[in-house]
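Architecture and fold: a report
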Amino acid sequence: MVLGGFDIVVIALVVFVILVLFAGIKTVPQGYRYTIERFGRYTRTLEPGLNLITPFIERVGARMNVMEQVLNVPTQEVITKDNASVSADAVSFYQILNAAEAAYQVSNLENAILNLTMTNIRSVMGSMDLDELLSNRDAINDRLLRVVDDAVQPWGIKVTRVEIKDIQPPRDLVDAMARQMKAEREKRAQVLEAEGSRNAQILRAEGAKQSAILQAEGQREAAFRNAEARERLAEAEAKATKMVSEAIASGNVQAINYFVAQKYTEALAAIGTAGNSKVVLMPVEASSLIGSLGGIGAIAKEVFGDNPTPPAPRPQPTPRTTPAVNPFKVKVVASSGRDLTVEAA
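Predicted model only: the values in this text are computed from it and were never measured.

Reading the values: rules and limits
- Residues numbered from 1 in each chain as written.
- Predicted model: local features only at pLDDT ≥ 70, side-chain atom pairs only at ≥ 80, totals over all residues.
- Heavy atoms only, no water.
- Core = buried A, V, L, I, M, F, W, Y, C linked by side-chain atoms within 4.5 Å.
- Buried < 20%, exposed > 50% of the residue type's maximum accessible area, 1.4 Å probe, protein only.
- Helix = DSSP H or I, 4+ residues; strand = E, 2+ residues; numbered from the N terminus.
- Contact = heavy atoms within 4.5 Å.
- Patch = residues over 30% accessible without salt bridge, like charges linked within 9 Å, V, L, I, M, F, W, Y side chains within 5 Å.
- Areas by Shrake-Rupley, 256 points an atom, 1.4 Å probe, with all protein chains shown as cover.
- Salt bridge = Lys/Arg side-chain N within 4 Å of Asp/Glu carboxyl O.
- Pairing = 2+ DSSP bridges.
- Axes fitted to C-alpha atoms, helices over the stretch in contact; angles between N-to-C directions.

1. Some details on the nonpolar core
By size, the foremost hydrophobic cluster in this structure holds 37 residues, and its most contacted members are Leu-109, Met-125, Ile-140, Trp-155, Ile-157 and Ile-164. The greatest single-element share of this core, amounting to nine residues, is contributed by helix α3 (residues 109-126). Sequence-distant contacts of Leu-109, defined by excluding residues within four places in its chain, comprise Tyr-94, Ile-96, Ala-102, Trp-155 and Ile-157. Residues Val-28, Tyr-34, Ile-53 and Val-60 belong to the second largest nonpolar core, which totals six residues.

Here is the structure:
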């Protein structure tokens, strides 16, 4: 089949239209922005999806990734405020907010952000002491974020975070810090031990104080009760003595007999319960206590006179068949408990 001139023109025209269509249709993927230049000048930014441009007049200038991106900051030497040399590296996260500014306001965007971050790391870390540098990474990250973000705003970029990954002091400095930490911990241990000992001594002293107070209070209470008991005993004794004195004054012979017999019996009981053997000269025989009471009663009658109403005669003890003994000279040979052994002197 031989094509004529008209057929060739039609085929060429169809091919040209297809090429024009392919040149004018642009598909932008999600997460990207394309800048359009018309004769080399920026005109607009293509959004994700299907877009049309004027073929041979407009062209795509820059394909910008607007997703958040990560930029590794290499290790660098930093001199701190107290002249300590440390090595530090970091990582930076940034996102393009304005594709046109990021494409036309700065050349080599990643290199610019990298150098800006490195210089600000040296500036921020160099204004801090080593101890502050090692213990305040959050403060360092916040300061770096503010400084770098302010610097890249004209480029249409947002720095979302800047993180210090590692800070490595020199080995000798690490050893010195370890010794310092050990000494600090030992000091704190000694302080805690001293405080514990002091608290224990204070508690023991408080316990001894409370014990002494309670003991003194107990002794005072006991002394008070003993004094009260002695007072009551003395009152009872005084009352009994007063009653006996009144009975004697009224001429009651039985009262004086009872009083003298009680004291006499108590004296004999004290002699009989002695724990050792002894020789005692007694004025009467121990077995003739009733007769002695009768003699005392006779003496009282002579002193006070006869009682108008004499008491009933008391039965006399049966005479003993023991040999006669001088009633005024008795020898106590031995005493044990309540048994009393006597013989004539």
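2. As for the side chain of Ser-87
Within the secondary structure, Ser-87 is located in strand β7 (residues 85-96). Residue Ser-87 is classed as buried on the basis of its relative accessible area of 15%. Not counting residues within four places of it along the chain, the set of residues in contact with Ser-87 comprises Thr-75, Gln-76, Glu-77, Asp-166, Ile-167 and Gln-168.

3. Brief notes about a nonpolar patch on the surface
On the surface, a nonpolar cluster with roughly 1,100 Å² of combined accessible area is contributed by Leu-13, Phe-16, Val-17, Leu-21, Ile-25, Phe-39, Leu-50, Leu-52, Phe-56 and Ile-57. Counting only elements with at least two residues in the nonpolar patch, the list comes to α1 (5-24) and β4 (49-52). Tallying contributions element by element places α1 first for the nonpolar patch, with four residues. Residue placement: Phe-56 occurs in the loop between β4 and β5 (58-65).

4. What about the pattern of salt bridges?
Counted according to the given criterion, the structure contains ten salt bridges. With a shortest N-O distance of 3.7 Å, Asp-175 and Arg-171 are connected by a salt bridge. Taken together, the positions of Asp-175 and Arg-171, both in helix α6 (residues 171-249) and four residues apart, correspond to about one turn of that helix. Taken together, the salt bridges that share partners define one network made up of Arg-38, Arg-44 and Glu-58.

5. Topic: the sheet that holds strand β8 (residues 157-168)
The strand order β6-β7-β8 describes an open sheet built from three strands, whose pairing is antiparallel. Pairing within the sheet leaves two strands with one partner each, and these edge strands are β6 (69-79) and β8. On average, adjacent strands in this sheet sit at an angle of 20° to one another, irrespective of strand direction. Alignment of β7 against β8, held across ten bridges, turns out to be antiparallel. Paired with Ser-87 across the strands is Gln-168, a residue of β8. Sheet contacts for α3: β6, β7 and β8; angle to β6, the most-contacted strand, approximately 40°.

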